[in-house]
Each structure stands twice: as C-alpha cells, then as structure tokens.
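Residue-level structural notes
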Amino acid sequence: MTDPLVSIIIPTYNRAHLIGETLDSVLVQTYENWECIIVDDGSTDNTSKLLESYVQKDSRFQYHHRPSNRLKGANACRNYGFELSKGDYIQWLDSDDLLAENKISDQILLLKGKDYRFISSCPWQNFETIADIKINYKQDLKVYHSCSELKKFIQDLSESGGFLPPHSYLCSRRLIHESGNWLEHLTINQDGEFFSRIFVRATGVLFCEHSKVYYRVASMTNVSILNSIEKADQAIESWKLIESLFKIRFGESTNLIAVSKKYLGLRILKTFPNSYISNQQFFEFGNISPNPKDRITIIKSFLKRISNQFFGN
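Residues numbered from 1 in each chain as written. Predicted model: local features only at pLDDT ≥ 70, side-chain atom pairs only at ≥ 80, totals over all residues. Heavy atoms only, no water.

Some thoughts on the packing of helix α1 (residues 19-27) against helix α2 (residues 47-57)
- Where α1 meets α2, the axes come as close as 11 Å, and the angle between the chain directions of the two elements is 15°. Relative to α2, the element α1 is oriented roughly parallel. In the packing of α1 onto α2, the handedness of the crossing is right-handed. Taken together, the residues of α2 that come into contact with α1 (itself represented by Ile19, Gly20, Leu23, Asp24 and Leu27) are Leu50, Leu51, Tyr54 and Lys57.
- By residue class, the composition of the contact of α1 with α2 is six nonpolar, one polar and two charged. (Axes fitted to C-alpha atoms, helices over the stretch in contact; angles between N-to-C directions. Helix = DSSP H or I, 4+ residues; strand = E, 2+ residues; numbered from the N terminus. Parallel < 35°, antiparallel > 145°, perpendicular 65-115°, else oblique. Left-handed = near helix turned anticlockwise from the far one by under 90°. Contact = heavy atoms within 4.5 Å. Nonpolar A, V, L, I, M, F, W, Y, C, P; charged D, E, K, R; others polar.)

The structure is reproduced here in structure tokens:
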C-alpha cells in the first residue's frame, strides 16, 4: 500500500532569518511522501530568495504568495495553502517552529487504517535557539496519552496548561473539510478556535509518545500578544465560539472554558477594562453597579480571589 501524502502547510511573513531552520526540519523527515506548501503573506525581507533555493533543492517544496484579493494574515495563508494542497493528511506548521525528524512517520503509523476522525498528538518543547532542542527536556503532562473520549481529552488539556501547539497534531484532510477553514479575521487564539471545531468532530486522540515538536518562545512582536482592544475583543469572540461548540457537543462548557475565561478576564481587565465590562455577562459577574469605577473595583476584587484559587498569585 502506498504511503499517504502529507501536506505540510506553512504561512510566513518576514521570517527569512528563521524559516530556513523550519524547512530543514521538514527536509530531514524520515517520512518521505510529503509536499510542503509555503504561503508568503507579503514579506519584504529576503524570504523570496531563500525560498527559491529550497524549491530548487527539493521539488516537494512549493512557494506561493497570498493572492492580493485575500485578507492579509496567517489564517488566510493557511486556508489558501489548504486549497492548493493534495495530501490525505495535513501538518500545520509555523515558519519559526520545528518538527522532530520522526514526527510525521510515527504519527502516520498510528493513524493509518483508522477512522479518519482520529487525530494524533505528540509532546512539545519550548526553545529559543537550535541549541536548546539538544537539552534533555522532559515534561509529563496529563494530556500526554491516547484518549477515545474527547470530553476527557479536553479536561486533561485544561490541566496541562490548556494548550498543545498546532504542529503537535496530525489530522486527516477529510476531518478538516468537515470542520471548516481557519477564521481569517481572527488574529489571536485562532488555533484554539480552529482546533475546537476539530475536537468536537473527532473520534479520539492517538498520542505519539516517541516523537516531539518544538515551539519557539514568542517574542514581544508575536501576534499572540494581547496588545490592542481589537485583539481583546477577538480573544473574547474566539472563546465565546469555543464555549458554544463545547456546550453543544459535550452538554457543558467544560473546565477548559472556565479556567480560560478567568485567565482571559484577568488579562483583559488589567489593560482594557471597558472591553471587559461590556462583556461582563460572558465573564459571569451578573449585575454590577452601573458606576464604572465601582464596577472595576468589584471585578478586580473578585478576580483577585479567583486568581489566588486557580493560579496561586
């Protein structure tokens, strides 16, 4: 039986100084039947010249530019890359992250022949430089196991920091088709929203303990930083969507939502109190004094108690 084609989809923007390391981690994959589709979001650095060298080096690399009529951003690039792809399985990968050389081969072994609604996950490790990945870094998270009950997987995820990086997963093309595209207007928590739609449709998670992915520590310019009112509102929107999905699928919002809303509330209240107040029903504080100063004082006091309970600070 022919090995299934795996499409590795990478959005990029001005990462000429980093994307070479990412592509090198693709080149050394022990699994050979892959295509790697890189979609440029309008880079102004040396990305184009660098990518041309990789395309010449290996025909499995494809270099494309986001069409001018598509919304700018990584999500539009991901969706465009998915449209161009032909793989039976999809490997999402950011242009500064890395895959262990056996990542795809080991996960394909787990998924091959299974119901297309199974997904595979694997351990992950933070890093800043290539030298960091040589450190014997071990982290035993509760979510590190195979699970046939997605509600339990979500619970274990909430007790493991609430996050596995997108490139730790391998999913079938068919499951992604059924789950829908990345929401192109979101600039924060887009991966959480996207994978929540995967989770509510998945049959189970197959954990690949002998592989690993590497997640580069975010810089202050990373798009995940909550540094504008627009991002604050989009973060709230994303969690409203996730909560709605989980209530429909699992009959409850889950502990992941409860913890995430409290953490998000702390972050937003500190920097964008008006955004917090306008979404007070979402953050479950009921009727609070109409006086803005009183509202902020009451909410801060409540969140301080919640912070001590959940985060010990």
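Continuing now.
Focus on the state of the cysteines
- A complete count under the given rule lists zero disulfides for this structure.
- With no disulfide partner, Cys208 has as its closest neighbouring cysteine sulfur the one in Cys122, 6.4 Å distant. (Disulfide = S-S within 2.5 Å.)

Remarks on the pattern of salt bridges
- Across all of its chains, the model carries 16 salt bridges by this definition.
- Note that Lys72 and Asp41 form a salt bridge whose closest N and O atoms lie 3.2 Å from each other. Of this pair, Lys72 sits in the loop between β3 (61-65) and α3 (74-84) while Asp41 sits in the loop between β2 (34-40) and α2, placing them 31 residues apart in sequence.
- With a relative accessible area of 6%, Asp41 lands in the buried category.
- Among the ionic pairs, Lys151 bridges to Glu252, the shortest N-O distance being 2.5 Å. Taken together, the residues span a long stretch of sequence, with Lys151 in helix α5 (residues 150-158) and Glu252 in the loop between α8 (229-250) and α9 (254-271) at a distance of 101 residues.
- Looking at Lys151, the relative accessible area reads 32%, which means it is partly exposed.
- Using a relative accessible area of 36% as the deciding quantity, one classes Glu252 as partly exposed.
- Because the salt bridges share partners, they merge into one network encompassing Asp41, Arg66 and Lys72. (Salt bridge = Lys/Arg side-chain N within 4 Å of Asp/Glu carboxyl O. Buried < 20%, exposed > 50% of the residue type's maximum accessible area, 1.4 Å probe, protein only.)

With respect to the packing of aromatic side chains
- This model, assessed by the stated rule, comprises 20 aromatic pairs.
- Here the aromatic rings of Trp92 and Phe194 are separated by 5.7 Å at their centres, their planes lie at 85°, and the arrangement is edge-to-face. Within this pair, whereas Trp92 is found in strand β4 (residues 89-92), its partner Phe194 is found in helix α7 (residues 190-199), the two being separated by 102 residues in sequence.
- We classify Trp92 as buried; its relative accessible area is 3%.
- Within the aromatic cluster, the residues linked to one another by ring pairs are Phe82, Trp92, Phe153, Tyr169, Trp182, Phe194, Phe195 and Phe199.
- Above the ring of Tyr13, the side-chain terminus of Lys72 is found at 4.1 Å from the ring centroid.
- Directly above the ring of Phe282 sits Lys261, whose terminal nitrogen or CZ lies 4.5 Å from the centroid. (Phe/Tyr/Trp six-rings, centres within 6.5 Å; stacked < 30°, edge-to-face > 60°. Lys NZ or Arg CZ within 6 Å of the ring centre and 35° of its normal.)

Examining the sheet that holds strand β8 (residues 171-172)
- The five strands lie next to each other as β3-β2-β1-β4-β8, forming an open sheet whose pairing is mixed. Edge positions in the sheet fall to β3 and β8, since each has one partner strand and no second.
- Docked against the sheet, helix α4 (residues 103-111) engages β1 (6-12) and β4, running at close to 145° with respect to β4. (Pairing = 2+ DSSP bridges.)

Some details on the confidence of the model for the chain
- Per-residue pLDDT for the chain averages 89, and the proportion of residues at 70 or more is 88%.
- pLDDT under 50 marks residues 308-313. Its contacts with residues more than four places away, or in other chains, come to 10 contacts. (pLDDT = per-residue confidence, 0-100.)

Points about the packing of α5 against α9
- Direction vectors running N to C along α5 and α9 enclose 30°, while the axes themselves pass 7 Å from each other. As judged from the angle between their axes, α5 and α9 are roughly parallel. Two secondary-structure elements touch here, α5 through Ile154, Gln155, Leu157 and Ser158 and α9 through Thr254, Asn255 and Leu256.

Observations regarding α5
- Listed as buried for α5 are Leu150, Phe153, Ile154, Asp156, Leu157 and Ser158.
- Residues of α5 that are buried make contact with α7, β9 (204-207), α8 and α9.

A look at the sheet that holds strand β7 (residues 124-127)
- Pairing is mixed in the open sheet, where three strands are placed in the order β5-β10-β7. Edge positions in the sheet fall to β5 (98-99) and β7, since each has one partner strand and no second.
- With four bridges joining them, β7 and strand β10 (residues 213-216) adopt parallel strand pairing. Across the sheet, residue Gln125 finds its bridge partner in β10, namely Tyr214.

Considerations on the environment of Asp96
- Note on placement: Asp96 falls in the loop between β4 and β5.
- The spacing of Asp96 and Arg15 is 81 residues in sequence and 7.3 Å in space, taken between C-alpha atoms.
- Look past the residues within four positions of Asp96 in its chain and what remains in contact with it is Arg15, Leu18, Thr22, Phe127 and Arg216.
- There is a polar contact of 3.2 Å between the side chain of Asp96 and the side chain of Arg15. (Polar contact = N/O pair within 3.5 Å; in protein donor to acceptor, adjacent residues only side chain to side chain.)

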